[in-house]
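Chain residues, written in single-letter form:
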Amino acid sequence: AVAIWAGLALLAGLWLSRLAFGSIEALVERAFWSLALAANAFPDHHAFYAYLFPWIQQGALLLIGAGIVLRVSRCPIYLPRKLGGRPVWAALAAIFVLVDFLTFGAGFNPAVDSTLLEYTPPVVTYLRQNDPGIWRFSTFDPHGRKTFNANSGMFYDLQDVRGYDSLFPAQYARYMGWIEPQNELLYNRIAPFTQFTSLDSPLTDLLNVKYIITEEEIPLPKYKLVYQDQSVRVYENLGVAPRAFTLPVQATLVAPNVESIGEIIQQYDPRFYAIVEQDFAAHIPYPVDAPTPASLQAQTIRDYQRNEVLIETTVNGPTWLVLADTYFPGWKAFVRPAGTDESAEREVPIARIAGNFRGVLLEGDDLASGALVRFKYSPNSVKVGAFVSFLAGMVVIFLTVVWVWRLVYHEPDAQSTTQRLAKNSVAPILLTLFNRMVELAFAALMLRILGPANVGDYTYAINIFLWFEIITNFGLDAYLTREVARHREQAGRYMFNTTAVRLGLSLAGVPLLIGFIVLRQTLVANFAAPASRQAMLALVLLYAGLLPSSISKGLTSLFYAYEKAEYPAAVQTISTLIRVTVQTAVLLTGWGIVGLAGSAIAINVITLAILSSVAVKLFFQAKRPQWDNDRKLHREMMSESWPLMINHFLATLFFKIDVFLMEPILGSTTLGLYSIGYKFLDALVVIPSMFTLALFPVISRQAQEDRAGFLRFYRLGAKILMMIALPAAMIATLAAYEMVLVLGGSEYLPGGMIALQLMAWSMPIGWLNSLTHYVLIALDQQRYLTRAFIIGFGFTLIANLIFMPLYGYQASAIIHIFAELALLIPFLIGVRRHLPQVGWRQVLGKPMLATGMMGVAALILLPLGRWVALAGAIVVYPLAVWRLKVLAPEERESLAPIFRRR
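A brief report on the enclosed structure follows. (Residues numbered from 1 in each chain as written. Predicted model: local features only at pLDDT ≥ 70, side-chain atom pairs only at ≥ 80, totals over all residues. Heavy atoms only, no water.)

Quick word on the environment of Ile578
Stated formally: Counting from the N terminus, the helices are DSSP H or I runs at least four residues long and the strands are E runs at least two residues long.
Position of Ile578 relative to the elements: it lies in helix H18 (residues 566–589). Sequence spacing of Ile578 and Thr607 is 29 residues, and the spatial spacing of their C-alpha atoms is 9.5 Å.

Here it is in structure tokens:
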């Protein structure tokens with residue numbers, strides 16, 4: 001009621017004042033002239049009142065409307081049931097807010113005749129035709145005529161040193177203030193030149209101001225009149241400095257801070273000195289106590305884009321390369337010898353020269369024949385913003401999927417084996433693929449912030465940590481899944497005792513960790529450089545988070561034994577979202593790989609807490625578990641599981657021994673490039689991993705009870721994995737450049753691309769090995785697996801030791817393919833002893849033929865472009881699978897229950 005009466009009073013007073021305007025004219029006039037800005041903006045107080053009237057009237061009407069909405073909200077009035085039956089006031093409020101926004105913004109963006117954009121002033125035509133190079137201009141406007149007003153040059157792609165209604169750094173305003181006082185900063189504007197001394201200033205030359213547009217005459221010898229029409233004149237600055245130039249390191253002059261530079265340039269001409277700040281002096285490995293002036297030498301700008309500049313230099317000895325563009329955080333500089341590609345680049349720090357410009361110090365004998373310097377704008381703020389937006393979207397998607405799943409899915413009392421397998425493989429695979437998408441997005445952020453060298457150190461630390469994780473798990477994951485699947489009534493007993501063994505093994509692993517670090521940093525140092533301190537510290541922190549992680553793995557095995565794999569997959573998704581959020585904050589604080597490793601401790605504890613609460617609710621709420629500490633069972637489970645541990649350990653060594661060898665042989669930077677290939681392989685390996693984990697409880701029972709069903713599921717599983725792995729390898733080969741560019745950026749090209757293209761073809765063999773590995777475990781062939789892994793590990797170790805030093809990471813990528821093949825052969829021999837009629841020709845023949853047709857299509861379309869070839873291959877493959885009838889009728893019948901409606 002108050003709002004309504006206030007609005008009515010305001011509206012009445014407004015109209016009465018309009019009717020009786022003459023009587024209050026003096027009051028309005030006094031109020032108008034008391035407002036300085038209003039007096040400058042309006043011709044008289046009549047116009048001022050006419051401007052205010054509609055806005056005050058609109059405010060009064062909106063106030064009345066708001067009161068009406070509030071009053072209606074107290075009434076029990078509802079919309080018809082067909083319209084949802086919602087309260088009327090809610091709809092009125094939405095309409096009212098919409099009207100408020102529309103009336104406020106109506107007419108805010110005026111339109112003008114677009115044909116005005118087609119007009120090009122004659123002076124612009126002259127400048128474009130006369131000098132197509134890289135230069136800047138400004139105006140000389142001592143009388144405030146707004147000649148060629150600021151920002152006009154942007155429309156014609158002309159670079160202006162002025163700016164209006166835009167954001168510019170304080171350092172630039174300070175620099176321009178050294179030339180002449182800036183009296184238009186109140187309007188967020190860099191002012192035009194108004195004094196002849198400004199035109200003669202060396203700071204103007206340093207800005208690369210080559211042309212001055214003016215309506216005045218400039219009687220300075222340094223300026224030459226090159227154009228004149230009825231309106232304006234153009235003068236050329238004959239003393240302009242080039243956009244990119246070099247000065248020898250002997251011309252370095254160190255300023256205590258940026259504020260003191262204004263005083264220093266009064267004594268030292270910045271065209272002959274490289275004036276840097278004290279903060280950067282530590283990066284200069286040369287004495288700079290006695291600066292010597294030198295003449296600048298122009299350098300060639302090969303490519304100039306908004307976010308990237310490539311400069312070709314010819315230098316002799318340590319030299320400053322100065323790019324007369326504004327220094328700003330987020331710019332990075334990379335140097336490489338002439339004639340090489342971006343893989344030979346090394347990042348160098350950027351100094352702020354003369355308080356405003358970008359400069360890098362070039363040094364080294366290899367630069368005498370020339371160097372390419374690339375400036376790239378790559379701010380972390382943009383990367384973090386994009387990742388946070390992506391992460392927020394993924395959280396929304398995850399919560400929506402969970403809500404729909406809880407709403408739609410109800411587990412029936414009777415489920416076929418195929419349906420259970422589908423639920424326990426498809427759901428975890430999709431959730432884990434979701435996790436990998438989030439992890440890849442985070443990896444794209446991490447790779448760019450850390451750089452190849454730090455990524456190599458972190459990859460090395462994680463690889464070594466995996467060894468200790470395998471030892472402390474001791475194969476208990478597979479053992480726990482197998483035994484609980486067979487004896488569910490003893491789930492609590494197995495869970496408690498495996499956890500006790502994990503705790504003991506974690507403590508026993510501490511001396512092993514210390515011994516490894518001592519061995520790596522001392523004895524091995526005789527053959528290779530010691531690992532970095534940050535890599536070793538990261539390894540220690542990762543180990544500190546091992547115990548909660550190991551228990552979480554045990555709980556995950558319990559869920560798989562009960563064939564409820566979707567629960568740990570969902571918990572892992574929550575953990576992944578928390579982890580990438582925390583680790584993004586860690587990267588932003590600058591804690592590097594040590595911070596990433598340390599954050600894993602808290603994240604592992606959170607994951608364990610969530611999994612424990614869900615497991616208690618699902619499995620142990622009705623029946624209290626047996627928590628007896630059975631030492632006899634400890635010995636039994638260790639006796640049963642140690643071959644699984646040895647096999648897992650050998651499998652990890654076999655799969656990633658190249659990572660362990662590459663760090664000391666080829667260095668952390670090469671390992672960082674090589675790790676790109678592994679990131680994609682690790683992202684996709686979730687498919688065979690989740691599939692085989694879901695299949696394992698089924699085949700564990702069938703291996704004892706139904707050998708025919710066991711064989712049928714093995715064949716079907718192998719065929720499904722090949723139908724996914726083969727086209728995935730083909731796609732990775734065709735799109736490797738873009739995949740690496742998106743994930744890691746240009747720093748990881750072409751090394752990461754080559755590694756990915758080669759390593760991708762290990763996937764089909766590796767995925768088949770993953771499935772066959774668990775088949776042999778279900779057949780209780782753990783000890784045979786050990787011998788097979790020894791063969792595979794021996795091959796990959798010897799091959800890498802021989803060929804990696806000779807041919808680099810490319811050799812390791814190729815060896816990766818043959819190593820998987822070396823493991824597959826004994827695997828298949830072991831399977832043949834127990835399943836003599838697998839029929840590999842029927843299992844692998846048609847998927848390989850369909851992939852071959854996919855490759856032929858890509859090869860035919862490749863001249864039209866890789867993207868066209870990729871699109872054609874993706875279209876051809878499913879058609880080939882359909883026409884070749886890759887899945888046999890009985891296999892389609894086995895899969896039918898998955899798609900059958902209940």
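What follows picks up the thread again.
A closer look at the environment of Gln781
We count it as follows: Working rule for contacts: check all heavy atoms of both residues, and any pair within 4.5 Å makes them a contact.
Looking at the secondary structure, you find Gln781 in the loop between helix H26 (763–778) and helix H27 (782–807). Residues Gln781 and Pro643, spaced 138 residues apart in sequence, show a C-alpha to C-alpha distance of 9.3 Å. Excluding anything up to four places from it in sequence, Gln781 contacts Leu776 and His834.

Observations regarding the side chain of Thr319
The criterion, for reference: Exposure categories follow from relative accessible area, calculated using a 1.4 Å probe and restricted to protein chains: below 20% of the type maximum is buried, above 50% is exposed, and the middle band is partly exposed. Any pair of N or O atoms that falls within 3.5 Å is considered a polar contact. Within protein, one atom must be able to donate a hydrogen and the other to accept it, and sequence-neighbouring residues count only if both atoms are side-chain atoms.
Structurally, Thr319 is set in strand E14 (residues 319–326). Since its relative accessible area comes to 6%, Thr319 is described here as buried. For Thr319, the side chain forms a polar contact with the main-chain oxygen of Gly317, separated by 2.8 Å. With residues near it in sequence (within four places) discarded, Thr319 still touches Thr246, Leu247, Pro248, Val249, Val360, Leu361 and Leu362.

Here's the deal with the pairing of strand E13 (residues 308–313)
Rules: Note on pairing: two strands pair once DSSP finds at least 2 bridges between them.
Pairing of strand E12 (residues 300–304) with E13, which is carried by four bridges, proceeds in the antiparallel orientation. From the neighbouring strand, Tyr304 faces E13, where its bridge partner is Val309. In sequence, E12 turns back onto E13 through a hairpin of three residues. Relative to strand E19 (residues 371–377), E13 runs antiparallel, the two being bridged by six bridges. In the strand pairing of E19, Glu308 is matched with Lys376.

A closer look at the sheet that holds strand E5 (residues 209–214)
Spatially, E2-E1-E5-E7-E6 is the arrangement adopted by the five strands of the open sheet, whose pairing is mixed. If you trace the sheet from one side to the other, it starts and ends with strand E2 (159–160) and strand E6 (223–228), each paired once. One ladder, built from five bridges, connects strand E1 (residues 136–140) with E5; its direction is parallel. Paired with Phe140 across the strands is Thr214, a residue of E5.

Looking at the pairing of E5
Among the six residues in E5, six count as buried, and that is most of the element. Pairing of E5 with strand E7 (residues 233–237) involves four bridges; the strand directions are antiparallel. By the bridge assignment, Ile212 is partnered in E7 with Tyr235.

A word on the packing of helix H14 (residues 476–486) against helix H17 (residues 546–561)
Threshold: Note on method: axes are straight lines fitted to C-alpha atoms, helices fitted across the in-contact stretch only, with angles between N-to-C directions ranging 0 to 180 degrees. Geometric relationships in this document are graded by angle, where less than 35 degrees denotes roughly parallel, more than 145 denotes roughly antiparallel, 65 to 115 denotes roughly perpendicular, and other angles denote oblique. Definitions for this section: a left-handed crossing has its near helix turned counterclockwise from the far helix by less than a right angle. A right-handed crossing has that turn clockwise.
Remark: H14 packs on H17, axes separated minimally by 8 Å, with the N-to-C direction vectors making an angle of 30°. Here H14 lies roughly parallel to H17, going by the angle between them. Two packed elements cross with a definite hand, and for H14 against H17 that hand is right-handed. Between H14, through Asp477, Leu480, Thr481, Val484 and Ala485, and H17, the contact on the second element is made entirely by Lys553, Gly554, Ser557, Leu558, Tyr560 and Ala561.

A look at the sheet that holds E13
Pairing within the open sheet is antiparallel, and its five strands lie in the order E12-E13-E19-E15-E16. Of all strands in the sheet, those with a lone pairing partner are E12 and strand E16 (346–348), marking the two edges. Averaged over all adjacent pairs, the angle separating strand axes in this sheet is 25°, with direction ignored.

Regarding the nonpolar core
The line we're drawing: Nonpolar cores were defined as sets of buried Ala, Val, Leu, Ile, Met, Phe, Trp, Tyr and Cys residues, with membership established by side-chain atoms within 4.5 Å.
With 111 residues, the main nonpolar core has Phe516, Leu539, Leu596 and Tyr674 as its most contacted residues. At 19 residues, the largest contribution of residues to this core is made by helix H13 (residues 417–473). With residues up to four places along the chain from it excluded, the contact list for Phe516 reads Tyr460, Ile464, Trp467, Phe468, Leu539 and Phe660.

Let's talk about the packing of aromatic side chains
Operational definition: Aromatic rings from Phe, Tyr and Trp, with only the six-membered ring used for Trp, were paired whenever their centres fell within 6.5 Å, and each pair was classed as stacked if the ring planes differed by under 30 degrees, edge-to-face if by over 60, and tilted otherwise.
The tally for this structure, following the rule as stated, stands at 15 aromatic pairs. Centroid distance Phe155 to Tyr156: 5.1 Å. Interplanar angle 85°. Geometry classified as edge-to-face. Among the residues examined, Tyr156 registers a relative accessible area of 12% and is labelled buried. Ring centres of Phe468 and Tyr543 lie 5.8 Å apart, and the angle between their planes is 90°; this geometry places the pair in the edge-to-face category. Placement of the pair is Phe468 in helix H13 and Tyr543 in helix H16 (residues 533–544), with a sequence separation of 75 residues. Here Phe468 falls in the buried class, since its relative accessible area comes to 7%.

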